[in-house]
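Structural description and commentary
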Amino acid sequence: MKKRVNEYKKPMKMDLQFFAENDPPPSDPPSDPPADPPADPPADPPKKLELTDEELQKKIESESDRKLHSALEKERDKMREEMKKELEEQKAEAERLAKLSAKEREEAEFKKRQDALDKREQELAQKELKAQAVTELNEKELPSSFVDFLLDEDGEKTFKNIGNFKNTFDEAVNEAVKERLRQTTPSHTGGAPGEKNPFMKDTWNLTEQGRLYNENPEKYQQLKAQASN
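Residues numbered from 1 in each chain as written. Predicted model: local features only at pLDDT ≥ 70, side-chain atom pairs only at ≥ 80, totals over all residues. Heavy atoms only, no water.

Structural notes on unusual backbone geometry
- If you check the backbone angles, E141 has positive phi at about 55 degrees while not being a glycine.
- Within the element layout of this structure, E141 appears in the loop between α4 (102-139) and α5 (147-150).
- What makes E141 partly exposed here is its relative accessible area of 45%. (Helix = DSSP H or I, 4+ residues; strand = E, 2+ residues; numbered from the N terminus. Buried < 20%, exposed > 50% of the residue type's maximum accessible area, 1.4 Å probe, protein only.)

Overview of α4
- If you check α4, its first and last C-alpha atoms are 56 Å apart, about what 38 residues at 1.5 Å a residue would give, namely 56 Å.
- Regarding α4, the residues found buried are A108, L129, A133 and L137.
- Immediately beyond the C-terminal end of α4, within one or two residues, lies E141, with a positive phi of roughly 55 degrees. (Expected span 1.5 Å × (residues − 1).)

Observations regarding the side chain of Q209
- Along the chain, Q209 turns up in helix α7 (residues 206-215).
- On the accessibility criterion, Q209 (8% relative accessible area) is buried.
- When sequence neighbours within four positions are dropped, the list of residues in contact with Q209 reads P198, F199, W204 and Y220. (Contact = heavy atoms within 4.5 Å.)

Concerning the nonpolar core
- By size, the foremost hydrophobic cluster in this structure holds 9 residues: L129, A133, L137, L142, V147, L150, L151, I162 and F165.
- Mapped by element, the contributors of at least two residues to this core are α4, α5 and α6 (155-183).
- Top element by residues in this core is α4. It accounts for 3 residues.
- Other than its neighbours up to four places away in sequence, V147 contacts K130, A133, V134 and L137. (Core = buried A, V, L, I, M, F, W, Y, C linked by side-chain atoms within 4.5 Å.)

Some points on the confidence of the model for the protein chain
- This prediction gives the protein chain a mean pLDDT of 76; 72% of its residues lie at or above 70.
- Taken as a whole, residues 185-190 scores under 50 in pLDDT and shows 13 contacts with residues more than four places along the chain or in a different chain. (pLDDT = per-residue confidence, 0-100.)

Examining the packing of helix α3 (residues 53-98) against α4
- Contact geometry for α3 and α4: axes closest at 9 Å, N-to-C directions at 145 degrees. You can see that α3 and α4 cross each other, and the crossing is right-handed. Of α4, the residues touching α3 (which contributes E93, R96, L97 and A98) are R105, A108, E109 and K112.
- A class-by-class count of the residues in the contact of α3 with α4 yields 3 nonpolar, no polar and 5 charged. (Axes fitted to C-alpha atoms, helices over the stretch in contact; angles between N-to-C directions. Left-handed = near helix turned anticlockwise from the far one by under 90°. Nonpolar A, V, L, I, M, F, W, Y, C, P; charged D, E, K, R; others polar.)

Regarding the packing of α7 against helix α8 (residues 217-228)
- Relative orientation of the contacting elements α7 and α8 amounts to 135 degrees, with a least axis distance of 5 Å. By the criterion of interaxial angle, the relationship of α7 to α8 is oblique. Taken together, the residues of α8 that come into contact with α7 (itself represented by Q209, L212, Y213 and E215) are P217, K219, Y220 and L223.
- Split into classes, the residues belonging to the contact of α7 with α8 amount to 5 nonpolar, 1 polar and 2 charged. (Parallel < 35°, antiparallel > 145°, perpendicular 65-115°, else oblique.)

See below:
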């Protein structure tokens, strides 16, 4: 019996590896994620430019001076080009004359002077004709602002244009007056008993209107106002 007890006291062999955790061997710790780049600092808001009245006036004057200077420079450039062109023409003309004989050169210079004289006379005649046309328009009680549209190469054609314009103008005025009279009913004829009102529909008369306008402006306005009522 004692022998059997001793047999049980023998130490038991244990597999310690069996009780070990079945975890994988530790690996290197994960590295930290890359940090975000620092954000740019917010931009400063634009500063509002504030000018005093004096500074603003100086700025305006400076801009005006700049534009004026630019316009003057363009005008100078234009004048330089015109002068250059004129000098080149004179040079070419001088070279042409130099190739001519004395008689041919004299004839060419005479023709040049004659052409300049004819041009000057034509300009004076046109100015005189324009003045006459303005007088004619005023006498016919037509707007003188149309004179440039009625001028022609001579007086005969110009005055013919004015006559045609007078007829067209009067017809247009008469039609406008008739249309107005159709839209209104006159209350009385006005003026003295038996006197015809040249502004009324039935007694419309441009000649009489013009006579009253020149001789009796007050009566002209009175009859015109009465016809409009």
